[in-house]
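# Structure assessment
Here's the letter readout for the chains.
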Amino acid sequence: MRNSRRLGPLAVHALLISYTIIALFPILLIIFNSFKSRKAIFKSPLSLPDANTFDLVGFEKVLGSSSFDVYFLNSISVTVMSLAFVLVLGAMAAWALAEYDFPGSDFVALFLAIGIMIPIRLGSVSLLKIIVSLGLINTLTALVLVYTAQGLPLAIFILREFIAQIPDDLKEAARCDGVTEYRIFWSIILPLIRPALATVAVFTMIPVWNDLWFPLILAPGEDTATVTLGIQQFIGQYVTDWNAVLASLTLAIVPILILYLVFSRQLIRGLTSGAVK
Amino acid sequence: MADIKLSGIRKSYGSSEVLHGIDIDVKDGEFVVFVGPSGCGKSTLLRLIAGLETISDGELQIAGQKVNDLTPSQRKIAMVFQSYALYPHMTVYQNMAFGLTLGKKGPLGGLLGGGENKKMIEEKVHKAAASLKLEPLLKRYPRELSGGQRQRVAIGRAIVRDPNVFLFDEPLSNLDAALRVNTRLEIARLHQELEATIIYVTHDQVEAMTLADKIVVLNDGYVAQCGTPLELYHQPANKFVAGFIGSPSMNFLEATVTDIGPEDIEVVLSSGKVKVRLPVLPGDLALDARVSIGIRPEHLQEGSGEVFRMSSRVKVVEQLGEASYLYLENGEDDPFCNEPFCVKTNGHSSIRTGDSVDICAALSAVHVFNASGIALTRTTTDSRYIAPRRA
């Protein structure tokens, strides 16, 4: 009994640590090798960069010769815009579904839940047709629209649960105070679901940032390419510029890491303590 | 400030009706307490008045205006919730000022501010905070306050809105006993100070008795009785109110009518041992009818000095210091029906468990209820047992 009890946490830790290593290893490998010369990358891919193998040629190429700044700006604007739309529209829809009983509300909720189960890429062809007929091909707007649609179902699903947990008394107290429904939403509901918003933000932004599929079919132009698409130019059919690929991948981690750090600070608990006893 | 008039208020959820036609008049400046056991509909009734639930049928007037279809804020009410319902992400000051920052609606439904000017809001909040001794706490968050302080903030938030009517929904039930007494006094003081119309819901009859100008006892969606605390205590209209008001509650004994006079009736208790003439108007009572007679524990005394006399064995003695409660035995040929029979006696009584005691009560202290639980009118003029006349 005693042994198994002591073994339990050990086993759990061993499992988690090995998972962490497996998950982080490829990323560390990319970062190490982005600082090495081409020769060293192929000779000893697992070793850390040292004085002999240290080389910034990849970064020089990425930052110097290509239009990487444009790609970065594109990625950032698409991610931030989509994120903003998903959070605002998602929270508003979740509030409507959680708070108001209107005919068809159950159907709408179910309809949105289906959006979680069916991957949006199945509709790529129709999406392409729609975007073309809207004249939005090769624009960032097309990407923002598609990513907003992609992120909304899960956002609404998660936020609705959180909003439903906010005590009714708070909303009713506000209504007695003569506060409008809009202001209840902005001044009471939104601040109280901040941790949930942060969670949804993290879930939403990472697939958007990393996506290659939609940039490739909806906005493949030089001016509208995102980072993931831009990196492809270094991957050729016969020759791949590994220095540049690894350097751009390393750089691509930075903005999303910063965004993640911003949101993860919001993931604090106990925000509602003191509201109701 | 305003009168409130409820006429035939009904509320149904689906096919089940929870309030069956409530008629209540609340005068301007009156402190009215809705009291009743849980599930009697008292909180629902309060929420109907507040406008948080829709009224299924009947008319609600505040200050002479029909308000059935108005929103809570249009009704100019302020509600204090049992859970306090403070906004956790706002300071005490912000909590109190929140409802004021939108006197007039700006663009986006008041989102961008507008409305009453800042100085007036500051003045109002500080005035309310001062009267509730909240000033040192204005910058704190609700999570940093004790239960009593949170309750005061919730009351303060209601005061700053300067409403027509204050609604309190069991405001003291989350506080501990000592704080409850303090806050109760505080609320009584506020009522005098603000001269406000207050409707207060509680299940605690002590709160009801101490605070109310008028008590409305609700039972199962009906008004069981409505009157001043002393009227309810001395002249309960039915067995439910008689048992609900007063602590420990009234003792009931089963009896049969053996004779009917013009202004009194003779009954014999089910045990057959006690036969007594009681000064009540018989109404349409028939001979041999079953009745319940009720006597409050505090109107019984040891000895045999009064007309209504019984004796029994003591099962439990509860000593409270200033008084002792004797719970009398309930055996096979016991005169007392199913409930334990309680007698309040003085604190230094030497009676112990197992002793046999004689108890008695004045005839004017005895209540009689007919088979359907309606009280028969008592003819007594003994001022110890009747409510003082209303001024």
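Residues numbered from 1 in each chain as written. Chains lettered and ligands numbered in written order. Predicted model: local features only at pLDDT ≥ 70, side-chain atom pairs only at ≥ 80, totals over all residues. Heavy atoms only, no water.

What chain B contains, in helices and strands, is nine helices and 20 strands. Taken over the C-alpha atoms alone, chain B extends approximately 80 × 45 × 40 Å along its principal axes. Every one of the 391 residues in chain B was classed for burial, and the buried ones make up 51%. In chain B, of all internal contacts separated by at least 6 residues, the share reaching a separation of at least 24 is 66%. (Helix = DSSP H or I, 4+ residues; strand = E, 2+ residues; numbered from the N terminus. Buried < 20%, exposed > 50% of the residue type's maximum accessible area, 1.4 Å probe, protein only. Contact = heavy atoms within 4.5 Å.)

With that settled, consider the overall build of chain A. The helix and strand inventory of chain A stands at 13 helices and zero strands. Listing every helix and strand of chain A by position from the N terminus yields α-α-α-α-α-α-α-α-α-α-α-α-α. For chain A, the C-alpha radius of gyration of 23 Å lies well beyond 19 Å, the compact-globule estimate for 277 residues. Referenced to the eigenvectors of the C-alpha coordinate spread, the extents of chain A come out at roughly 70 × 70 × 30 Å. A burial count over chain A gives 41% of its 277 residues as buried. Residue pairs in contact within chain A that sit at least 24 positions apart in sequence constitute 76% of those at least 6 positions apart. If you sum the accessible surface of chain A, you get close to 15500 Å²; carbon and sulfur atoms cover 70% of it. Side chains of chain A carry 18 positive and 17 negative charges; the gap between the two charge centres is 13 Å. (Rg over C-alpha atoms; globule rule 2.2 N^0.38 Å. Areas by Shrake-Rupley, 256 points an atom, 1.4 Å probe, with all protein chains shown as cover. Lys, Arg positive; Asp, Glu negative; His and termini not counted. Charge placed at Lys NZ, Arg CZ, Asp CG, Glu CD.)

Turning to the pairing of strand E1 (residues 4-13) of chain B, a few remarks are in order. Residues and elements named next belong to chain B. Sheet analysis places E1 next to strand E2 (residues 16-26), joined by eight bridges and oriented antiparallel. Bridge pairing in E2 links Tyr-13 to Ser-16. Hairpin geometry of E1 and E2 is characterised by an intervening segment of two residues between the two adjacent antiparallel strands and by a positive phi of about 60° at Gly-14. The pairing of E1 with strand E4 (residues 57-62) spans five bridges and is classified as antiparallel. By the bridge assignment for E4, Leu-6 is matched with Leu-60. (Pairing = 2+ DSSP bridges.)

Once that is clear, we can look at the domain arrangement of chain B. Residues and elements named next belong to chain B. Once the domains are mapped, chain B shows domain 1 (4-227) and domain 2 (241-369). If you average the C-alpha positions of domain 1 and of domain 2, the two centres end up 41 Å apart. Summing the contributions of domain 1 and of domain 2, the shared interface buries around 570 Å²; its carbon and sulfur component is 79%. Our enumeration of links across domain 1 and domain 2 arrives at zero salt bridges. (Domains from an automatic or database assignment. Buried area = accessible area lost by both parts, 1.4 Å probe. Salt bridge = Lys/Arg side-chain N within 4 Å of Asp/Glu carboxyl O.)

Nonpolar side chains tend toward joint burial in soluble globular proteins. Membership of the largest hydrophobic core comes to 87 residues, with the highest contact counts inside it found for Ile-193 of chain A together with Leu-6, Phe-34, Leu-45, Leu-167 and Ile-199 of chain B. When residues of this core are assigned to their parent elements, the largest contribution, 10 residues, is made by helix H4 (residues 68-99) of chain A. Ignoring anything within four residues of it in the chain, the contact list for Leu-45 of chain B reads Leu-6, Ile-9, Leu-19, Ile-22, Ile-24, Phe-34 and Leu-218 of chain B. Of all hydrophobic cores here, the second largest spans 46 residues; its members include Val-35, Ile-155, Ile-159 and Ala-212 of chain B. (Core = buried A, V, L, I, M, F, W, Y, C linked by side-chain atoms within 4.5 Å.)

Going through the model one piece at a time under the given rule, you end up with 16 aromatic pairs over all chains. Their ring planes at 75° and their centres at 5.7 Å tell us that Trp-95 of chain A and Tyr-100 of chain A sit as a pair that is edge-to-face. On the basis of relative accessible area, Tyr-100 of chain A is assigned to the partly exposed category, the value being 30%. Both rings, one in Tyr-87 of chain B and one in Phe-98 of chain B, keep their centres 5.0 Å apart while their planes meet at 70°; by these two values the pair is edge-to-face. Here the residue Tyr-87 of chain B occupies a position in the loop between strand E6 (77-80) and helix H2 (92-97), and Phe-98 of chain B occupies one in the loop between H2 and helix H3 (107-110), the gap between them amounting to 11 residues. The class of Tyr-87 of chain B is buried, set by a relative accessible area of 0%. (Phe/Tyr/Trp six-rings, centres within 6.5 Å; stacked < 30°, edge-to-face > 60°.)

Turning our eyes to something else, we now look at the state of the cysteines. Per the counting criterion, the structure on display carries zero disulfides over all chains. With no disulfide of its own, Cys-176 of chain A lies 20 Å from the sulfur of Cys-40 of chain B, the closest cysteine sulfur. Left unpaired, Cys-40 of chain B is separated from the closest cysteine sulfur, that of Cys-226 of chain B, by 14 Å. (Disulfide = S-S within 2.5 Å.)

The next point concerns the sheet that holds strand E20 (residues 367-369) of chain B. All names here are of chain B. An order of E13-E12-E11-E14-E20 is seen for the five strands of this open sheet, with the pairing classed as antiparallel. Sheet topology places strand E13 (275-278) and E20 at the edges, where each strand pairs with a single neighbour. Between one strand and the next, the sheet's axes are offset by a mean angle of 40°, whatever the strand orientation. Bridging between strand E12 (residues 265-269) and E13 involves four bridges; their strand directions are antiparallel. Within E13, the residue paired with Ile-265 across the bridge is Leu-278. (Axes fitted to C-alpha atoms, helices over the stretch in contact; angles between N-to-C directions.)

What follows is about a nonpolar patch on the surface. Residue and element names in this part refer to chain A. Taken together, the side chains of Leu-110, Ile-114, Ile-116, Met-117, Ile-118, Leu-122, Leu-154, Phe-157 and Phe-203 present a nonpolar region at the surface, about 920 Å² in accessible area. Elements with a minimum of two residues in the nonpolar patch: helix H5 (105-117) and helix H7 (140-165). Take the nonpolar patch: its biggest share by element is four residues, from H5. Within the secondary structure layout, Met-117 lies in helix H5. (Patch = residues over 30% accessible without salt bridge, like charges linked within 9 Å, V, L, I, M, F, W, Y side chains within 5 Å.)

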